[in-house]
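Examining the three-dimensional arrangement
Listed below are the residues making up each chain.
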Amino acid sequence: MGPHPAVAAIRLAVRRVLHDVLNDITSRTATAPVAVPGAPPHEPPPPLVLVACSGGADSMALASALAFEAPKLGIRAGGVTVDHGLQEGSGVRADEVTHRLAALRLDPVEAVAVTVGRAGGPEAAARDARYAALDAAAERHGAAAVLLGHTRDDQAETVLLGLARGSGIRSLSGMAAVTGAGRYRRPFLQLDRQTARKACMVQSLPVWDDPHNTDPAYTRSRLRHDGLPALEKALGKGVVGALARTAQLSRDDADALDDWAAEADASVRDESGHLECVKLYALPPAVRRRVLRRAAISAGSPAGALFARHVEEVDRLITGWRGQGAINLPGRVEARRQGGRLVIRQG
C-alpha cells in the first residue's frame with residue numbers, strides 16, 4: 001500500500017521542484033569555464049536545498065516531503081526557521097521547530113532571530129525581515145534553493161488583496177512559483193491548505209498554529225476567516241481554485257506585456273535617450289504605462305511605493321496634455337513634459 005493521498009501529493013509536488021533545481025544546476029554547470037587540462041578533477045558537493053519552516057502545517061508538510069525526496073535525488077536537505085520576536089515565547093517556539101526539523105534528519109538546521117521594523121505596516125515589515133534572513137541563510141550555507149510553503153489558498157488571498165488595492169494585472173498575478181532569480185520555490189501553489197494539514201496529521205507531525213493567523217488586526221487574517229468564506233457562501237466552493245487560476249492567467253498576460261514594454265522602450269526614445277511623447281501616445285495604454293513605470297523606477301522612484309495612480313498621472317502628460325506642471329513621484333522623482341519630450345528625473 002502506498003502513502004496516504006495527501007502525503008503522495010505533497011511529495012510529488014516537492015519531487016518536481018527538486019528536479020527543476022537539479023536541471024537549473026546542470027544548465028549552469030554546462031556554461032561554466034572548462035577545466036584546465038591536467039588539473040585534478042574536482043567533484044562538487046551535493047547541492048543543498050533549504051526549507052523555510054514556521055512550524056505551521058504548510059511548512060511542516062513541506063519539510064517532511066523534502067526530507068523524504070531529497071536523499072533519493074542526491075540532494076542535501078536543511079531547514080531554517082525565522083523568529084520574528086513578535087510574540088512572547090517566540091524564541092522557545094523557534095527552538096522547538098529546529099528540533100522537529102532535526103528529527104526529520106534535515107541538516108543544517110538553524111533558527112534566525114530578526115528585528116521587525118515598521119515600514120509598510122506590520123505584515124510587510126515582517127515579510128521584509130523574513131526574506132532578508134532567508135537570503136542571508138541561503139548565502140551562508142550555499143543553498144541552491146529555498147522552499148516556501150505557500151498553498152493555493154494563500155494564492156487566492158493574495159489575488160484578492162491585489163484586487164482590493166486596484167494595482168492592475170501584475171498585482172492580480174499573485175505569487176510566482178519561482179522568484180528571487182531562482183532562489184525561492186513554491187511547490188504547493190497547486191495544493192490546498194487542507195491537503196498539507198492532512199499530510200501532517202497522517203504522519204503524526206506536530207504543528208503550531210500561529211495566533212497571528214486568526215488575529216483580526218491583520219488584513220490577511222480577516223480575509224482568510226471572513227472574506228473568503230463569505231465569497232464561498234455566495235459563489236460556491238470553487239472560488240479558491242478560480243482565484244488561483246486567475247493568478248496564473250494574469251501572470252502570463254503580465255509577463256507578455258512586460259516583455260512588450262521592454263522592447264518598446266528603446267523605440268520611443270530619441271537619439272539622446274529622452275522619451276518622445278508622440279511615440280508614447282501611439283503605444284497601447286497597457287504597454288505605455290509599463291514604459292512609464294520602468295522610466296520612473298530607473299530615475300530612482302522606489303518600485304514598492306510607485307502605485308498605479310502615480311503612473312496614471314504621468315500618463316496624462318501624454319494623453320491629456322493641457323500645459324500642466326510636473327508630476328511628483330515617490331523618491332523625489334518628477335515627471336515633466338518639455339518640448340514634446342517626457343523628462344523623468346530626480347528633482
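This section reports on the structure supplied with the text.

**Considering the overall build of the protein chain**
Each helix and strand counted, the protein chain has 12 helices and 10 strands in total. Projected onto its principal axes, the C-alpha positions of the protein chain cover 70 × 70 × 40 Å. Within the protein chain, buried positions represent 43% of all 347 residues. Sequence separation of at least 24 residues holds for 69% of the intrachain contacts in the protein chain that already meet a minimum separation of 6. Put simply, the protein chain shows about 18600 Å² of open surface, and 54% of that area lies on carbon and sulfur atoms. Across the protein chain, the mean location of the 44 positive side-chain charges is 3 Å away from that of the 38 negative side-chain charges.

**Digging into helix H7 (residues 193-202)**
Since the α-helix advances by 3.6 residues per turn, residues separated by three or four positions end up pointing in the same direction. Of the positions making up H7, those classed as buried are Arg 193, Thr 195, Ala 196, Ala 199 and Cys 200. The arc that holds the buried residues of H7, viewed along the axis, is 170°, so those residues lie on one side. More than 90 degrees from the buried face of H7, the exposed residues found are Gln 194 and Met 201.

**Focus on the packing of helix H11 (residues 285-298) against helix H12 (residues 308-319)**
As a packed pair, H11 and H12 sit with axes 10 Å apart at the nearest point and diverge in direction by 115°. When the interaxial angle is binned, H11 and H12 end up roughly perpendicular. For the element pair H11 and H12, the recorded crossing hand is right-handed. Contacts between H11 and H12 pair Arg 288, Arg 289, Leu 292 and Arg 293 from the former with Val 311, Val 314, Asp 315, Ile 318 and Thr 319 from the latter.

**Regarding the packing of aromatic side chains**
Note on aromatic pairs: each is described by the distance of the centres and the angle between the planes. The tally for this structure, following the rule as stated, stands at one aromatic pair. Pairing Tyr 131 with Tyr 184 gives two aromatic rings, centres 5.2 Å apart and planes at 85°, and the pair type is edge-to-face. Of this pair, Tyr 131 sits in helix H4 (residues 122-141) while Tyr 184 is found in strand E6 (residues 184-185), placing the two residues 53 residues apart along the sequence. Residue class for Tyr 184 comes out buried when judged on its relative accessible area of 5%. The ring of Phe 68 carries the charged tip of Arg 11 above its face, separated from the ring centre by 3.6 Å.

**Overview of the nonpolar core**
Judged by nonpolar contacts, the single largest core of 33 residues is most densely connected at Val 49, Leu 66 and Phe 188. Ignoring any residue separated from it by four or fewer positions in sequence, one finds Val 49 in contact with Leu 18, Val 21, Leu 66, Ile 75, Arg 76, Ala 77, Gly 78, Ala 145 and Leu 147. By size, the runner-up hydrophobic cluster in this structure holds 25 residues, among which are Ala 261, Val 311, Ile 318 and Ala 335.

**Focus: unusual backbone geometry**
Along the chain, Asp 107 connects to Pro 108 via a cis peptide bond; the corresponding omega equals 10°. Relative to the elements of secondary structure, Pro 108 occurs in the loop between helix H3 (90-103) and strand E3 (109-113). Here Ser 204, not a glycine, exhibits a phi torsion of approximately 55°, which is positive. For Ser 204, the location among the structural elements is in the loop between H7 and helix H8 (219-235). Its identity is not glycine, yet Arg 332 carries a phi of approximately 60°, on the positive side. If you trace the backbone, Arg 332 turns up in the loop between strand E8 (327-329) and strand E9 (333-338). We classify Arg 332 as exposed; its relative accessible area is 60%.

**Points about the environment of His 141**
As for its position among the elements, His 141 is in helix H4. According to the relative accessible area criterion, His 141 is partly exposed, its value standing at 27%. Among residues more than four places away in sequence, those in contact with His 141 are Leu 48, Leu 50, Pro 108 and Glu 110. In terms of polar contacts, His 141 uses its side chain to reach the side chain of Glu 110, at 2.8 Å.

**A few points about the sheet that holds strand E2 (residues 76-83)**
Spatially, E3-E2-E1-E4-E6-E5 is the arrangement adopted by the six strands of the open sheet, whose pairing is mixed. This sheet does not close on itself; its edge strands, each paired only once, are E3 and strand E5 (178-179). Relative to strand E4 (residues 145-147), strand E1 (residues 48-52) runs parallel, the two being bridged by three bridges. In the strand pairing of E4, Leu 50 is matched with Val 146. Its contacts with the sheet place H3 against E2 and E3, and it is angled at close to 170° to E2.

**Description of the pattern of salt bridges**
The tally for this structure, following the rule as stated, stands at 24 salt bridges. Here Glu 157 and Arg 224 are joined by a salt bridge, their closest N and O atoms 2.9 Å apart. Separated by 67 residues along the polypeptide, Glu 157 in helix H5 (residues 152-165) and Arg 224 in helix H8 bring together distant segments of the chain. Residue class for Glu 157 comes out buried when judged on its relative accessible area of 0%. With a shortest N-O distance of 3.3 Å, Asp 315 and Arg 289 are connected by a salt bridge. Remark: Arg 289 occurs in helix H11 and Asp 315 occurs in helix H12; sequence separation between them is 26 residues. On the accessibility criterion, Asp 315 (3% relative accessible area) is buried. Several salt bridges converge on common partners, so that one network encompasses Asp 154, Glu 157, Arg 193, Arg 220 and Arg 224.

Each value, and the rule that gives it
Residues numbered from 1 in each chain as written. Predicted model: local features only at pLDDT ≥ 70, side-chain atom pairs only at ≥ 80, totals over all residues. Heavy atoms only, no water. Helix = DSSP H or I, 4+ residues; strand = E, 2+ residues; numbered from the N terminus. Buried < 20%, exposed > 50% of the residue type's maximum accessible area, 1.4 Å probe, protein only. Contact = heavy atoms within 4.5 Å. Areas by Shrake-Rupley, 256 points an atom, 1.4 Å probe, with all protein chains shown as cover. Lys, Arg positive; Asp, Glu negative; His and termini not counted. Charge placed at Lys NZ, Arg CZ, Asp CG, Glu CD. Arc of directions from axis to C-beta. Axes fitted to C-alpha atoms, helices over the stretch in contact; angles between N-to-C directions. Parallel < 35°, antiparallel > 145°, perpendicular 65-115°, else oblique. Left-handed = near helix turned anticlockwise from the far one by under 90°. Phe/Tyr/Trp six-rings, centres within 6.5 Å; stacked < 30°, edge-to-face > 60°. Lys NZ or Arg CZ within 6 Å of the ring centre and 35° of its normal. Core = buried A, V, L, I, M, F, W, Y, C linked by side-chain atoms within 4.5 Å. Polar contact = N/O pair within 3.5 Å; in protein donor to acceptor, adjacent residues only side chain to side chain. Pairing = 2+ DSSP bridges. Salt bridge = Lys/Arg side-chain N within 4 Å of Asp/Glu carboxyl O.

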